[in-house]
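# Results of the structural survey
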Amino acid sequence: MDPRDRMEIVQGDITTLHVDAIVNAANESLLGGGGVDGAIHRAAGPELLAESRAIGGCPTGEARITKGYRLHARWVIHTVGPVWQGGRSHEDELLAGCYANSLTLAREYDVRTIAFPAVSAGVYGFPMERAARIAIKETKRFLDDSELPEKVAFVCFSRRAEDIYQQAMDEVFN
Ligand code: AR6
């Protein structure tokens, strides 16, 4: 199937989705925080923190996997996006790494359906337009060479984010 038909934009709360894996926009400690990270930890329950603590952290641009516990999702893939510092501190490459490394881990665990939030585009201050373009470009690149995951959802928390992702999709595929 064409990568475009395997990628979709959805608006809503990532913690409610029935997918094999959801991606968490974590920080290097993997010990939880605000934003989507806080929402995922609240929905998954305290076992998630216990398993995350045992991992011992994750460098920016990389990804780690845990179980999903009380979530519908079987797995949580924790990735650490870069903090936006103006764009000259390898933020683009690090963010691209978040997507490539999360998708690689997903494939290793036979994940068929996965959902990403807008990694780094909240508290970490990455401009949403730029983050969305990187997310879609990097995911397309991965899916071009891989049958798994079968479907990738980009979860937008606001209508504004949804519009931005839609535009990025049009740019990357046209
Ligand atoms: N479902 C989907 N998207 C959400 C949800 C949700 N439930 N909640 C927020 N978003 P952020 P970051 C969106 O700040 O920028 C944490 O404290 C949100 O609107 O969660 O990577 C971590 O521990 C935004 O578009 O992640 C780190 O310290 C996007 O998710 C730090 O924040 C990402 O916003 C990571 O910052």
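These lines cover the structure that appears in this document, whether it is placed above or below. (Residues numbered from 1 in each chain as written. Predicted model: local features only at pLDDT ≥ 70, side-chain atom pairs only at ≥ 80, totals over all residues. Heavy atoms only, no water.)

This part covers the sheet that holds strand 5 (residues 113-116). Read from one edge to the other, the open sheet built from six strands follows the order 1-6-5-2-4-3, with strand pairing classed as mixed. The two strands at the open ends of the sheet, each matched to only one other strand, are strand 1 (7-11) and strand 3 (63-67). Going across the sheet, the axis of each strand differs from the next one's by a mean of 25°, ignoring polarity. Sheet strands in contact with helix 2 (residues 46-55) are strand 3 and strand 4 (75-80), and its direction is about 140° off that of strand 3. In this fold helix 3 (residues 91-108) packs onto strand 2 (21-26), strand 3, strand 4, strand 5 and strand 6 (151-156), with an angle of close to 155° to the strand it touches most, strand 4. (Pairing = 2+ DSSP bridges. Helix = DSSP H or I, 4+ residues; strand = E, 2+ residues; numbered from the N terminus. Axes fitted to C-alpha atoms, helices over the stretch in contact; angles between N-to-C directions. Contact = heavy atoms within 4.5 Å.)

Our focus in this paragraph is unusual backbone geometry. With an omega of -10°, the peptide bond between L148 and P149 qualifies as cis. Phi at Y69 is positive, roughly 50°, even though this residue is not glycine. The backbone phi angle of D110 is positive, close to 60°, even though this residue is not glycine. The topology assignment puts D110 in the loop between helix 3 and strand 5. For D110, a relative accessible area of 54% gives the class exposed. (Buried < 20%, exposed > 50% of the residue type's maximum accessible area, 1.4 Å probe, protein only.)

A few words on the site of the ligand. In the neighbourhood of the ligand, 23 residues make up the surrounding shell, with N27, G34, D37, S120 and V123 lying closest. Within the backbone of I14, one N or O atom sits 3.0 Å away from a nitrogen atom of the ligand. Note that an oxygen atom of the ligand is positioned 3.0 Å from one of the backbone N or O atoms of Y124. Out of a free accessible area of 700 Å², the ligand has 88% covered by protein chains. Partitioning the shell around the ligand into residue classes produces 13 nonpolar, eight polar and two charged. (Near = heavy atom within 4 Å. Polar contact = N/O pair within 3.5 Å; in protein donor to acceptor, adjacent residues only side chain to side chain. Areas by Shrake-Rupley, 256 points an atom, 1.4 Å probe, with all protein chains shown as cover. Nonpolar A, V, L, I, M, F, W, Y, C, P; charged D, E, K, R; others polar.)

Per the counting criterion, the structure on display carries five aromatic pairs. Residues F116 and F154 carry aromatic rings whose centres are separated by 6.3 Å and whose planes lie at 20° to one another, so their mutual orientation is stacked. Of this pair, F116 sits in strand 5 while F154 sits in strand 6, and the two are 38 residues apart along the sequence. Across the pair, exposure class does not vary: F116 and F154 are buried alike. By the ring-pair criterion, three or more aromatic residues cluster together here, those being Y99, F116, F154 and Y165. (Phe/Tyr/Trp six-rings, centres within 6.5 Å; stacked < 30°, edge-to-face > 60°.)

The residue I40 is located in helix 1 (residues 35-44) in this model. Linking I40 and T139, residues 99 residues apart in sequence, is a C-alpha distance of 22 Å. Apart from residues no more than four positions distant in its own chain, I40 is found in contact with I14, T15, I22, V23, N24, L48, L71 and V76.

The values are spatial; any link to function lies outside them.
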